[in-house]
Amino acid sequence: MKYPKIRELKEAVVSLLSPAYTSSFPKKAHTPFENFRGKPEVNDKECVGCETCSHVCPSKAITIVDNRETGIREITRDFGKCIFCGMCQEHCITGKGVILSDKIFDLAVFDRTKIVEKQEKDLVVCKHCSAIITTADHIQYLHKKLGPKAYASILNLNLLHEKLELAPREETDVEIKDGLKRKDMFNIICPNCMRSVLIEYI
Ligand code: SF4
Ligand code: SF4
């Protein structure tokens, strides 16, 4: 058809003269609606580095790299991959480590590395078998949650002893009996090799 229909012409004129149906962003600041799921905001003091959020993130936006040599766990959150599903917040073991902002939504950048955030946490590494147990913050969080029950676990007991400075220092090498060293008892902290260490020394 050579000319537009009258109905289409009318719709175009009405649309041109009507206010925008959506918000005027970016001309005017946009106010998100209630319960809006925006950028996940990390609270490093409340995050214990347990890695749960990296397991539940469907878009693999959260990655964990453990370095035995340095004893550091590096947590990387790439918000360029985030789909704002809220799974990390829902499954965070402390409930406060990561919370989706209801205000921050504008993440457009020219350089994608600007929306990548990193955290570092100290690792607990077994001195016998070099297995990575978890982070020191995670263990301390479990101590607080368990209260006196923490003493039921050899792992927790040993770390509590170290914290209270009841455990012998590395340089102390006190022999008890039959070659059994007191520091060896305190070094039994690893669920990975605990059994073999017990068999070896007892
Ligand atoms: S909101 Fe969803 S996609 Fe984004 S980091 Fe959390 S779990 Fe991953
Ligand atoms: S689940 Fe929570 S505490 Fe664990 S690493 Fe993620 S944000 Fe931190």
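In what follows, the structure referred to is the one given above.
Source: prediction; values computed, not measured.

The rules behind the values
Residue indices follow the written sequence of each chain, beginning from 1 at its first position. To read the labels, note that chains go from A and ligands from 1, taken in the order they are written. Local features in this predicted model are restricted to residues whose pLDDT is 70 or higher, and side-chain atom pairs enter the listing and the counts only when it is 80 or higher, whereas totals over whole chains, interfaces and linings include all residues. As a rule here, side-chain values cover all heavy atoms of the structure and leave hydrogens and water aside. Helix numbering and strand numbering both begin at the N terminus, where a helix is a DSSP run of H or I of at least 4 residues and a strand a DSSP run of E of at least 2. Burial classes follow relative accessibility: with a 1.4 Å probe on protein chains only, a residue under 20% of its type's maximum area counts as buried, one over 50% as exposed, and anything between as partly exposed. Should any heavy atoms of two residues lie within 4.5 Å, those residues are considered in contact. Here the accessible surface of atoms and residues is derived via Shrake-Rupley with a 1.4 Å probe, and residues count as covered only by protein chains that are part of the display. Within this document, salt bridges are pairs made up of a side-chain nitrogen of Lys or Arg and a carboxyl oxygen of Asp or Glu, the two lying within 4 Å of each other. To form a nonpolar core, buried Ala, Val, Leu, Ile, Met, Phe, Trp, Tyr and Cys residues must be joined to one another through side-chain atoms within 4.5 Å. Proximity is defined per residue: any heavy atom of the residue falling within 4 Å of a molecule or strand makes that residue near it. The classification used treats Ala, Val, Leu, Ile, Met, Phe, Trp, Tyr, Cys and Pro as nonpolar, Asp, Glu, Lys and Arg as charged, and all other residues, Gly among them, as polar. Strands qualify as paired when DSSP identifies two bridges or more between them. In this analysis an axis means a line fitted to C-alpha atoms, helices contributing only their contacting stretch, and an angle means the value between N-to-C directions, from 0 to 180 degrees.

Participant: How should the overall build of the protein chain be read in this particular structure?
Facilitator: The secondary structure content of the protein chain amounts to 7 helices and 8 strands. Burial statistics for the protein chain: of 202 residues in total, 31% are counted as buried. Partitioning the contacts of the protein chain with sequence separation of at least 6, the portion at a separation of at least 24 is 62%. Carbon and sulfur atoms form 55% of the exposed surface of the protein chain, whose accessible area is close to 14400 Å².

Participant: Hey, could you run me through the pattern of salt bridges in this one?
Facilitator: When the charged atoms of two side chains lie near each other, side chains of opposite charge can form a pair. Enumeration over the complete set of coordinates arrives at 10 salt bridges. The residue Glu117 makes a salt bridge to Lys39 at a minimum N-O spacing of 2.9 Å. Of the two residues, Glu117 is situated in strand 5 (residues 116–125) and Lys39 in the loop between helix 1 (6–17) and strand 1 (40–42); the sequence distance between them amounts to 78 residues. Residue Glu117 is classed as partly exposed on the basis of its relative accessible area, which comes to 32%. Judged by its relative accessible area of 8%, Lys39 is buried. As a salt-bridge pair, Glu51 and Arg73 come within 3.2 Å of each other at their nearest N and O atoms. Taken together, the positions of Glu51 in the loop between strand 1 and helix 2 (52–56) and Arg73 in strand 3 (residues 72–78) put the pair 22 residues apart, joining distant regions of the chain. Of the residues examined, Glu51 reaches a relative accessible area of 25% and is grouped as partly exposed.

Participant: What should I look at first to understand the nonpolar core in this one?
Facilitator: Nonpolar side chains in soluble globular proteins tend to end up buried together. Among the nonpolar cores identified, the biggest contains 9 residues, and these are Cys53, Cys57, Ala61, Ile62, Ile75, Cys88, Cys92, Val98 and Leu100. Counting residues in each nonpolar core, the second largest holds 7 residues, with Val124, Cys126, Ala131 and Ile133 among its members.

Participant: Would you explain the site of ligand 1 in this entry?
Facilitator: Every residue near ligand 1 is listed here: Pro40, Cys57, Pro58, Ser59, Ile62, Cys82, Ile83, Phe84, Cys85, Gly86, Met87 and Cys88. Classifying every residue of the shell around ligand 1 gives 10 nonpolar, 2 polar and no charged.

Participant: It is not clear to me how the sheet that holds strand 6 (residues 132–135) should be interpreted in this structure. Could you clarify?
Facilitator: Sheet strands pair by backbone hydrogen bonding; their relative direction is either parallel or antiparallel. Strand order in the open sheet formed by 4 strands is 2-3-5-6, and the pairing between neighbours is antiparallel. Each edge of the sheet is formed by a strand with only one pairing partner; in this case those strands are strand 2 (62–67) and strand 6. Sheet twist, expressed as the mean angle between neighbouring strand axes with direction ignored, is 30°. Inspection of the sheet shows strand 5 paired to strand 6 by 3 bridges, in the antiparallel sense. Bridged to Leu123 within strand 6 is Thr135. The strands touched by helix 4 (residues 136–146) within the sheet are strand 5 and strand 6, with strand 6 carrying the most contacts at an inclination of about 70°.

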